Amino acid sequence: EAGVTQSPTHLIKTRGQQATLRCSPISGHTSVYWYQQALGLGLQFLLWYDEGEERNRGNFPPRFSGRQFPNYSSELNVNALELEDSALYLCASSFEVHAQPQHFGDGTRLSIL
Amino acid sequence: SQQGEEDPQALSIQEGENATMNCSYKTSINNLQWYRQNSGRGLVHLILIRSNEREKHSGRLRVTLDTSKKSSSLLITASRAADTASYFCATDDDNYGQNFVFGPGTRLSVLP
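Residues numbered from 1 in each chain as written. Chains lettered and ligands numbered in written order. Predicted model: local features only at pLDDT ≥ 70, side-chain atom pairs only at ≥ 80, totals over all residues. Heavy atoms only, no water.

### So, the sheet that holds strand E8 (residues 74–78) of chain A
Residue and element names in this part refer to chain A.
Turning to step 1, where the next piece is worked out: Read from one edge of the open sheet, four strands run E1-E3-E8-E7, paired in antiparallel fashion. The sheet is open, and its two borders are formed by strand E1 (5–7) and strand E7 (64–68), each paired with just one other strand. This sheet shows a mean twist of 15° between the axes of neighbouring strands, independent of strand direction.
Turning to step 2, where the next piece is worked out: Where E1 meets strand E3 (residues 19–24), three bridges bridge the pair, whose relative direction is antiparallel. If you follow Ser7 over to E3, its bridge partner there is Arg22. (Pairing = 2+ DSSP bridges. Helix = DSSP H or I, 4+ residues; strand = E, 2+ residues; numbered from the N terminus. Axes fitted to C-alpha atoms, helices over the stretch in contact; angles between N-to-C directions.)

Right, here's the structure in full:
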């Protein structure tokens, strides 16, 4: 069974540009979560999608957005990139929202120059 | 402040020793999970313990949960160099729409 896959592995952008990160969940998983992990820090919850709908978002500005496609894959878009957006962005998926382990991809390392 | 906070922030031990990490949280929970993260990689799920459970084992891992103290501990016995990683606890939190809230993690270094 293929795990959660994220692309690209690395992404280098400059301030003000836009970035698109992609995530393919484990087959059969309907929930997708996005997290931001700044260097050496813990995970900050960004977004949660389930069955194509945004269910919840963390304390991030509106320039962080995303969507979930009918095949349950997901995209995270970050507009007007700022230096502090440099981080590892992790995607996770699960069968159900509650009481199920989340399965993580290896992330996209976003670097803002 | 964090819903889940691990303690200590960093831990360094010799191979073969036991490692104990703690997690404290603030609100009531339905379950608590522990994850491991190797440097620059995604997180790997280790153990889930439900609020009505007090202890759970998986191989060399032992997790305890004390809901009265709002705390959990992760014990790794007979540690190996390959156990070197960051360990995070995650709690479900209704304030976050039933999402999991991760603590800042404990960085464990196991020296050969």
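### Some thoughts on the packing of aromatic side chains
Turning to step 1, where the next piece is worked out: Under the definition given, this model contains eight aromatic pairs over all chains.
Turning to step 2, where the next piece is worked out: With centroids separated by 5.7 Å and ring planes inclined at 80°, the aromatic side chains of A:Phe104 and B:Tyr35 adopt a geometry described as edge-to-face. Here A:Phe104 is found in strand E10 (residues 103–104), whereas its partner B:Tyr35 is found in strand E4 (residues 31–37) on a different chain. In this pair, the class of A:Phe104 matches that of B:Tyr35, namely buried.
Turning to step 3, where the next piece is worked out: Taking 5.3 Å as the distance between ring centres and 55° as the angle between the ring planes, the aromatic pair formed by B:Tyr35 and B:Phe102 counts as tilted. You can see B:Tyr35 sitting in strand E4 and its partner B:Phe102 sitting in strand E10 (residues 99–102), a full 67 residues away along the chain. Exposure class is identical for B:Tyr35 and B:Phe102. Each is buried.
Turning to step 4, where the next piece is worked out: One aromatic cluster is present, formed by A:Tyr35, A:Phe45, A:Phe104, B:Tyr35 and B:Phe102 through successive ring pairs. (Phe/Tyr/Trp six-rings, centres within 6.5 Å; stacked < 30°, edge-to-face > 60°. Buried < 20%, exposed > 50% of the residue type's maximum accessible area, 1.4 Å probe, protein only.)

So yeah, pure geometry; function would need other evidence.
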